[in-house]
Amino acid sequence: MKITYFGTAAAEAVPTPGCECAVCRHARKTGGRNTRLRTQALIDDRLLIDFPADAHYFSIRYGVNYLRIAGCLISHSHSDHLCAPDLVSFDHGFCATDREEPLHFFAGEDGFRHIRKTETDLSVGRRDVTLIEPFRPFTVAGYEITPLPANHAPTSSPLIFHIRSGEKSMVWAHDTGILPDAAAEALAALGRVDFFSLDCCLPFLSGIRQGHLSIDTCEETFANLTARGVIDGKTVCVLNHFSHNGGATQDDLESFCREKPYIPAYDGMTITF
């Protein structure tokens, strides 16, 4: 399997417009990996995760035609993960395509509701949305996907995803704080994974457990999952979804993680596992 991180920031992006904190000043000065847009990723060039306001730019930057992918998983309804009004760009009268099958979105209750509100006669045949629920597996183009509950704003219907393709498997866990026991138990039942991407929104703060994580609680989570047999020394572990409020530039994170068993994501990073 392969994953490409299109964007790796929290809702504000880095640098945040108008912000003069040390992280944002450093990002403006140095550019490159220290700049981030809102979180989105693509698996095997076929399965998209989330649709933020930066999705149109990512399509241009990375040369991806979203109407040629298998589907899009929505982790929750917050606007930095689901910019529902932008979905009209796929509709009749907005774009021309010979694709006969609609683009399939898969979302929890609130994300499902947001997407349905944008549907009109022009969207018929171009896109649709399927309601998904925690602990109810489904299949998309050969990918076996199990949604599990996340520790995030309940009204956003937050989910993490266990994704299996053949003998390979991965977990996408953004946005979430410390995993609910039921989610950790379900991951243990699903077995070891080859790749784990974990929320680290506020890296250099400490003790962040609800809604998001910091590096110390990421390490606690990885230790818990190791004890449960979900990850091991061969699992590729990645930290992702960074806010400038967490006090860490990408340069800081790469220096801190140099001797750690996990790596910090950056915009455009691709990993094959």
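Residues numbered from 1 in each chain as written. Predicted model: local features only at pLDDT ≥ 70, side-chain atom pairs only at ≥ 80, totals over all residues. Heavy atoms only, no water.

Participant: Account for the packing of aromatic side chains, naming residues and giving values.
Facilitator: A full pass over the atoms with the stated rule returns 15 aromatic pairs. With a centroid separation of 6.1 Å and an interplanar angle of 45°, the aromatic rings of phenylalanine 58 and tyrosine 62 are classed as tilted. Within this pair, phenylalanine 58 and its partner tyrosine 62 are both found in helix H2 (residues 55-62), separated by four residues, close to a single helical turn. A relative accessible area of 0% means that phenylalanine 58 is categorised as buried. Among the residues examined, tyrosine 62 registers a relative accessible area of 23% and is labelled partly exposed. A ring pair is formed by phenylalanine 196 and phenylalanine 222, whose centres lie 6.1 Å apart and whose planes are at 85°; its orientation type is edge-to-face. Here the residue phenylalanine 196 occupies a position in strand E11 (residues 195-199), and phenylalanine 222 occupies one in helix H5 (residues 215-227), the gap between them amounting to 26 residues. Pairwise contacts between aromatic rings join Phe6, Tyr57, Phe58 and Tyr62 into one cluster. The ring centre of tyrosine 266 lies 3.8 Å from the NZ or CZ of arginine 33, which sits over that ring. (Phe/Tyr/Trp six-rings, centres within 6.5 Å; stacked < 30°, edge-to-face > 60°. Helix = DSSP H or I, 4+ residues; strand = E, 2+ residues; numbered from the N terminus. Buried < 20%, exposed > 50% of the residue type's maximum accessible area, 1.4 Å probe, protein only. Lys NZ or Arg CZ within 6 Å of the ring centre and 35° of its normal.)

Participant: Tell me about the sheet that holds strand E6 (residues 127-131), and name the residues and values.
Facilitator: Strand order in this open sheet of seven strands is E6-E5-E4-E3-E2-E1-E14, and the pairing throughout is mixed. The sheet is open, and its two edges are formed by E6 and strand E14 (270-272), each paired on a single side. On average, adjacent strands in this sheet sit at an angle of 20° to one another, irrespective of strand direction. In this structure, strand E5 (residues 103-107) lies alongside E6, joined through five bridges in parallel fashion. Within E6, the position partnered with alanine 107 by the bridge is leucine 131. Against the sheet, H2 makes contact with strand E1 (2-7) and strand E2 (40-43), and its axis sits at roughly 125° relative to E1, the strand it touches most. Docked against the sheet, helix H3 (residues 109-117) engages E5 and E6, running at close to 155° with respect to E6. (Pairing = 2+ DSSP bridges. Axes fitted to C-alpha atoms, helices over the stretch in contact; angles between N-to-C directions. Contact = heavy atoms within 4.5 Å.)

Participant: I'd like a rundown of H2, residues and numbers included.
Facilitator: Among all positions of H2, only Ala55, Phe58 and Ser59 are buried. The buried side chains of H2 occupy one side of the element, clustering within an arc of 105° when seen end-on. Residues of H2 that are buried sit in contact with E1 and E2. One or two positions beyond H2, positive phi appears at glycine 63, with a value near 65°. (Arc of directions from axis to C-beta.)

Participant: Give a description of the pairing of E2 that names residues and reports values.
Facilitator: Residues Gln40 and Leu42 point to one face of E2 and Ala41 and Ile43 to the other, with burial holding for every one of them. Of the pairings in the sheet, the one linking E1 to E2 comprises four bridges and is antiparallel in character. Considered in E2, the bridge of tyrosine 5 is made with alanine 41. Pairing of E2 with strand E3 (residues 47-49) involves three bridges; the strand directions are antiparallel. Across the sheet, residue alanine 41 finds its bridge partner in E3, namely isoleucine 49. Hairpin connection between E2 and E3: a loop of three residues separates the two successive antiparallel strands, and aspartate 44 in this loop has a positive phi of roughly 55°.

Participant: Any details on empty space enclosed by the protein? Residues and values, ideally.
Facilitator: Using the criterion set out here, one finds one cavity of 30 Å³ or more in the structure. Along its surface, the largest cavity is lined by Val14, Val23, Asn34, Arg36, Phe242, Ser243, His244, Ala248, Thr249 and Gln250. When the residues that make up the lining of the largest cavity are grouped by side-chain class, the tally is four nonpolar, five polar and one charged. (1 Å grid on protein atoms, 1.4 Å probe; cavity = no way out; pocket = protein on both sides within 12 Å on 5 of 7 lines; lining within 4 Å. Points joined across faces, edges and corners; volume = space filled by probe spheres on them. Nonpolar A, V, L, I, M, F, W, Y, C, P; charged D, E, K, R; others polar.)

Taken by themselves, the reported measurements are silent on function.
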